[in-house]
Structure formats: structure tokens, C-alpha cells
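Analysis of the macromolecular model
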Amino acid sequence: MKITIVGSGYVGLVTAACLAEMGNDIFCLDVDEKKISMLNQGQIPIYEPGLEEMITRSVQLGRLKFSTDIEASVAHGTVQFIAVGTPPDEDGSADLKYVLAAAKNIGQYMTEPKIVVDKSTVPVGTADKVKAELARVLALRGVSIDFSVVSNPEFLKEGAAIDDFMKPDRIVIGHESDSSGMQAKALMEKIYAPFNRNHNRILCMSVRSAELTKYAANAMLATRISFMNELANLADIVGADIEMVRQGIGSDSRIGYSFLYAGTGYGGSCFPKDVQALSITGKEHGQSMDILNAVEHVNNKQKMTLVNKVHHHYGADLSGKKFSIWGLAFKPNTDDMRAAPSRVIIRELLLAGAQIVAHDPVAGKEALHALNQDMADHPNLMKNVVLVSEPMDALVDSDGLIIVTEWKAYRSPNFDQIKNLLKSPVVFDGRNLYEPDGMNQLGFKYFGIGRKSS
Ligand SMILES: NC(=O)c1ccc[n+]([C@@H]2O[C@H](COP(=O)([O-])OP(=O)(O)OC[C@H]3O[C@@H](n4cnc5c(N)ncnc54)[C@H](O)[C@@H]3O)[C@@H](O)[C@H]2O)c1
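Structure report, in brief. All of these numbers come straight from a predicted model, not from anything done at the bench.

**Some remarks on the overall build of the protein chain**
Per the secondary structure count, the protein chain includes 17 helices and 14 strands. The C-alpha atoms of the protein chain give a radius of gyration of 24 Å, which matches the 22 Å a tight globule of 454 residues would have. Dimensions of the protein chain, computed from C-alpha atoms along their principal axes, come out at roughly 75 × 45 × 45 Å. Across the 454 residues of the protein chain, 53% fall into the buried class. Across the protein chain, contacts joining residues at least 24 apart in sequence account for 74% of those joining residues at least 6 apart. The centroid of the 47 positive side-chain charges in the protein chain is displaced by 2 Å from the centroid of its 54 negative side-chain charges.

Quick look at the structure:
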């Protein structure tokens, strides 16, 4: 099938690679010339395990191409997936300018019927806006061409995106019930048939239900995280161990173990903006989203938890102190620094006078870019940030190790080496990677999240 993917970011590239892998003929569009030129030189602009091999294979087989040519992209696919960004607007609502620009382009150049698929995460009612934009542009052109708008939200997780796309828990297809909506549904089922062989994963529903399902999923996951973070802070005070509490409640099959880890707060390109956007959708419809507002509030506070622990140990003024940071990306196996807790932590430590030596297996370049943005009001402090390429190199003469992202490389380190390299053997573990008692026995002062502190 000839398919166009509009937007070649995390979701667009993974969708393109997976659909091409199944034999489809994919045209990937982006407005970012630098990104397309990199892709055309065989370079992948993001880090996602397994993606490079898949893209290289399909490009060589002639099933996948990248371009900035909008007219050609519209001509290519009967199905046009919109996978552009939906960043937060100033008030926290989802900014639909990229989605609507993509719709406008399709309307501008389409000469035959199209199925337009909203794959971006978009608020309830966006498909109606996309439809209205297409109709407006077609009317301006004075032509009448059939089209249908489908909602097909994406549930992939960065770091495991290929696996998630190839073996999805569910494939949500929101379609209209008129005849063109039913035709669109049939075509979507055909596109997803190769990913649906083991058992039926397709859930067909109304467009609005599909749009809301995506936000509901992310909001539920974010809620679990904030719930556990709040409990962890209480555990710290009352002398309980959140790890035991996690296992104690996770063993209840009604609760389950997933997404119950206390930490430094959620970040990334989805949860923060989607929780905010859903809250705004509620507000726009006269419903206050009290739970979600609390989830966001708890999360913002949680990003300061490690910083507060550092101050509690070393005092308010951190001048002359050096801290090692392990992990910068918002989670392991990605280079995505969007809303990463490390950004808040590093900024606060720098403002308190500290020096930072940081390591991340892949996010270094993205991190420097993000930190330069964050410190634009204090650019001189960026000289106090050094990135190193080996975790142990970050520890030399440092006053403490702060673990922010739970990369596998940090899970079982040589603790003797860590102790020898650090000036003082202090570990602030934002991901509860180590056992407090074991760390104390090794001679460390160890501060986890919601665990017994030394
Ligand atoms: N990243 C994730 O893990 C994830 C998971 C599920 C859903 N989503 C949702 O998917 C959408 C895309 O997210 P992402 O992380 O891939 O974003 P991204 O920022 O990585 O990529 C978006 C791309 O769209 C391009 N673009 C913008 N306007 C365009 C236009 N008019 N025509 C062509 N290209 C255009 C941008 O240049 C960029 O390369 C968002 O709505 C996001 O919430 C993301």
C-alpha cells in the first residue's frame, strides 16, 4: 500500500519503518530540511534501539523514502498519517498548529480521495478541526474531493518503540459511521493486519472516544507515578520502605506491578504535556480535572526531591561542591530530553553554586542543547557543566553521585571504584537502583526515594 507519513520524528519514523518492514511503500515527509538531509545520508536523527537497521533495510529495498516535497507527499499515499508534534501552548493546551498545517497541505494538493489519519496525540474534537480545515482549503480551490478523517493514536514507548509498534497491546481506530468512515476503517484494518495476527488487537470506536482514549491512558500512567511519589515522600518521613510497599500493593492483581516506581518525577515528550492538555480540555468544557491537577502538582514537586536531599545534606550554599550526575535522558534507551527531570535538578544545583560532571550513554548532545536553553538567563553558569563519556570519569573528586536515569549501565557498578573516586562516598539515588542496607555496609551514605536513609 502507498502510505504517506507526515512528520519524521519519534512516532513518524517508527511508524514509517514498521509499515515499510511489512512491505508497504512509504513516503516520509518533514518540513525540517536538516532532518531529511540527515535521513537521506543514512543518519538517524534520534536514538531508538533497532530503528537504524530497519530504516537502512527498507531504504535499500526502495520501500522508504524521505523528502520535504509536500506536493509529492500528498500525491503519494491514499492514506496520510499525521505524526507531527503537538507541543503545549502557552496555557498548557495542545498546540495544533502543526497538525492543522499538515491538514492544510493535504487539502492544498490532493487531487483524489484521501484518508487522513490523526496519529499525533490530539485533544477531543481535533478530527473535526482537521475535517473543517480540509473542507475550507478544498472550497477555496473550488474542488470537491472525498476524504475521511480517522483517529489512530499511538501508544509506543520511546526506548521500546519498535517492539510496541510491532506487537501492540491494542490498535485504536476511531472512525465515523458513514460510508466513507466505514471504508476508512476497512483500509486501516488492512494496514494493521500484519500487526494483528496473533489475536485481535484492533479496537474500533468513535473518533472522539479514540482521541480521549490516548489522553486517558497517559493520564492514568502519570497518576500512578505521582501517587507512588507522594507515598514515597511519606515513607521517607514515617520510616517505611516504598520498595516493600510497591511489592505489597503490586501483588494485588487489581493493581499490578507496572508503573509503581517512585523516582524523580515523570518527564518526556508525552506525560507532562498530555496531563496538562487533558486538564485544559476539562476546563474548556466546564469540568475541573482535580485529580490531574494534583498529579501535575505532585510531579513538579517531585523533580525537586533529589535537590532537597542534597541541600539537606550539604546546606543551601553548594559553592565549591562538585556533583556527578548519572543519566540525563528522561528515561533509559532514549536521547529525548524533553521535560527531563535532570534539567530541573541540574539548573537548581548550578544556581546554588555547584559544579556538575554528568554522564549519559546517548543523550549528551541533546542534554547540552537543552541545558543551554534552560540556563539562558545565567549563561555563565554553563561553564560549570562538564559531560564525560564514561560513568566512572564523572566521579573523580566529586562530593556525591546523583542518579537520575536508570540506564542498565548504572545498575551493577563497581562500588569499590565508586567509593575510591568520590571525594565523599555519598549517593543520591533518584531511581532506587541499590539496596540501602547494602550501600551502608559498603560505607556509603545513601539516599533513595522513600527508602530508609542513612
Ligand atoms: N514520542 C513519543 O513517545 C510519542 C508516543 C506516542 C504519541 N506521541 C505523539 O505523537 C506526536 C509526535 O510526537 P514525536 O515525539 O514524534 O514528535 P517529534 O517532535 O519528534 O516529531 C515531529 C516532527 O514533525 C515535523 N513537522 C512539524 N510540522 C510538520 C508539517 N506541517 N509537515 C511535516 N512535518 C512536520 C517536525 O519537524 C518533527 O520532525 C505528538 O503528538 C506526540 O504527543 C509521541
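Read on for the rest.
**Thoughts on the packing of aromatic side chains**
If you walk through the whole model with that rule in mind, you get 12 aromatic pairs. Consider the rings of phenylalanine 165 and tyrosine 192, whose centres lie 6.2 Å apart with planes at 35°: the pair is tilted. Taken together, the positions of phenylalanine 165 in helix H7 (residues 161–166) and tyrosine 192 in helix H8 (residues 179–192) put the pair 27 residues apart, joining distant regions of the chain. Accessibility classification places phenylalanine 165 together with tyrosine 192 in one group, the buried group.

**Regarding the nonpolar core**
Counting residues in hydrophobic clusters, the biggest one holds 58 residues, and the most contacted among them are Ile325, Trp326, Leu349, Ile402, Ile418 and Tyr434. Residues within four places of isoleucine 325 in sequence aside, it is in contact with Ile345, Ile346, Leu349, Ile356, Val357, Ala358, His359, Ile402 and Val404. By size, the runner-up hydrophobic cluster in this structure holds 40 residues, among which are Leu13, Ala83, Val117 and Tyr192.

**Examining the pattern of salt bridges**
Considering all chains together, one arrives at 22 salt bridges under this definition. Here lysine 114 and glutamate 112 are joined by a salt bridge, their closest N and O atoms 3.8 Å apart. Given the relative accessible area of 3%, lysine 114 is considered buried. Note that arginine 338 and aspartate 336 form a salt bridge whose closest N and O atoms lie 3.0 Å from each other. Relative accessible area serves as the criterion here: at 42%, arginine 338 is assigned to the partly exposed category. Shared partners join several salt bridges into a network, and the residues in it are Glu158, Asp336 and Arg338.

**Details of the sheet that holds strand S10 (residues 355–359)**
Note on sheets: strands pair through backbone hydrogen bonds, and any given pair is parallel or antiparallel. The strand order S11-S10-S9-S12-S13-S14 describes an open sheet built from 6 strands, whose pairing is parallel. Each of the sheet's edge strands pairs with one partner strand only, and the pair in question is strand S11 (385–387) and strand S14 (445–447). Here the strands of the sheet are splayed against their neighbours by 20° on average, with no regard to which way each runs. Inspection of the sheet shows strand S9 (residues 322–326) paired to S10 by 5 bridges, in the parallel sense. Looking at S10, one finds that isoleucine 325 is bridged to alanine 358. Its contacts with the sheet put helix H13 (residues 305–314) on S9, strand S12 (400–403), strand S13 (426–429) and S14, and the angle it makes with S13 is roughly 155°.

**Overview of the site of the ligand**
In the neighbourhood of the ligand, 26 residues make up the surrounding shell, with Asp30, Lys35, Thr86, Glu158 and Lys273 lying closest. Between an oxygen atom of the ligand and a side-chain N or O atom of aspartate 30, the distance comes to 2.6 Å. Sorting the residues of the shell around the ligand by element identifies helix H1 (10–21) and helix H5 (97–109) as the ones contributing at least two each. Its residues assigned to classes, the shell around the ligand comprises 11 nonpolar, 7 polar and 8 charged.

**Some remarks on unusual backbone geometry**
Look at alanine 339: it is not a glycine, yet its phi comes out positive at around 55°. Assignment of secondary structure puts alanine 339 in the loop between S9 and helix H14 (341–351). One non-glycine residue, asparagine 432, lies in positive phi territory at about 50°. The residue asparagine 432 is located in the loop between S13 and helix H17 (436–441) in this model.

**Some words on the environment of aspartate 393**
With respect to the helices and strands, aspartate 393 occurs in the loop between S11 and S12. Residue class for aspartate 393 comes out partly exposed when judged on its relative accessible area of 44%. Residues aspartate 393 and isoleucine 418 lie 25 residues apart in sequence; the distance between their C-alpha atoms is 9.9 Å. Aside from chain neighbours lying at most four places away, what touches aspartate 393 is Val357 and Val388.

**Considering the environment of isoleucine 403**
Inspection of the secondary structure assignment puts isoleucine 403 in strand S12. Given a relative accessible area of 0%, isoleucine 403 falls into the buried group. Measuring from C-alpha to C-alpha, the distance between isoleucine 403 and leucine 306 comes to 9.1 Å, with 97 residues separating the pair along the chain. Those residues in contact with isoleucine 403 that lie beyond four places of it in its chain are Leu306, Trp326, Val427, Phe428, Asp429, Gly430, Arg431, Leu433 and Tyr434.

**A closer look at the pairing of S9**
Successive residues of a regular strand alternate their side chains across the two faces of the sheet. Burial runs high along S9: 4 of the 5 residues are buried. For the handedness criterion, the β-α-β arrangement of S9, H14 and S10 is classed as right-handed. As paired strands, S9 and S12 are joined by 4 bridges and run parallel to one another. Paired with tryptophan 326 across the strands is isoleucine 403, a residue of S12.

Cut-offs applied
- Starting from 1, residues in each chain are numbered consecutively following that chain's sequence as written.
- At least 70 in pLDDT is required for a residue's local features to be given in this predicted model, at least 80 for side-chain atom pairs to be given and counted, and no such filter applies to totals for whole chains, interfaces and linings, which use all residues.
- Side-chain numbers here rest on the full set of heavy atoms in the structure, without hydrogens or water.
- Numbering of helices and strands runs from the N terminus, with a helix taken as a DSSP run of H or I at least four residues long and a strand as a DSSP run of E at least two residues long.
- We compute the radius of gyration over the C-alpha atoms and compare it with the globule rule, which gives 2.2 Å times the number of residues raised to the power 0.38.
- Throughout, exposure labels follow a simple rule: accessible area from a 1.4 Å probe, protein chains only, divided by the maximum for the residue type, with under 20% read as buried, over 50% as exposed, and the rest as partly exposed.
- Two residues qualify as a contact provided that any one of their heavy atoms is within 4.5 Å of a heavy atom in the partner residue.
- Counting rule applied: Lys, Arg positive; Asp, Glu negative; His and chain ends not counted.
- The atom standing in for a charge is NZ when the residue is Lys, CZ when it is Arg, CG when it is Asp and CD when it is Glu.
- Think of it this way: a Phe, Tyr or Trp ring, Trp meaning its six-membered ring, pairs with another when their centres are within 6.5 Å, and the plane angle makes it stacked under 30 degrees, edge-to-face over 60, tilted otherwise.
- In this description, a nonpolar core means a group of buried Ala, Val, Leu, Ile, Met, Phe, Trp, Tyr and Cys residues linked to one another through side-chain atoms lying within 4.5 Å.
- We define a salt bridge as a side-chain nitrogen of Lys or Arg found within 4 Å of a carboxyl oxygen belonging to Asp or Glu.
- Strands pair, by our definition, only if DSSP identifies at least two bridges between them.
- Under this scheme, a helix contributes an axis fitted over its contacting stretch, all axes are lines through C-alpha atoms, and angles between N-to-C directions fall in the 0 to 180 degree range.
- Nearness of a residue to a molecule or strand requires only that one of the residue's heavy atoms be within 4 Å of it.
- Residues adjacent in sequence count toward polar contacts only when both atoms are side-chain atoms; beyond that, a polar contact is any pair of N or O atoms within 3.5 Å, and within protein one must be able to donate a hydrogen and the other to accept it.
- Residue classes follow a fixed rule: Ala, Val, Leu, Ile, Met, Phe, Trp, Tyr, Cys and Pro count as nonpolar, while Asp, Glu, Lys and Arg count as charged, and any other residue, Gly among them, counts as polar.
- Whether a crossover is right-handed depends on one test, that the path from the first strand over the helix to the second runs clockwise when the strands point away from the viewer.

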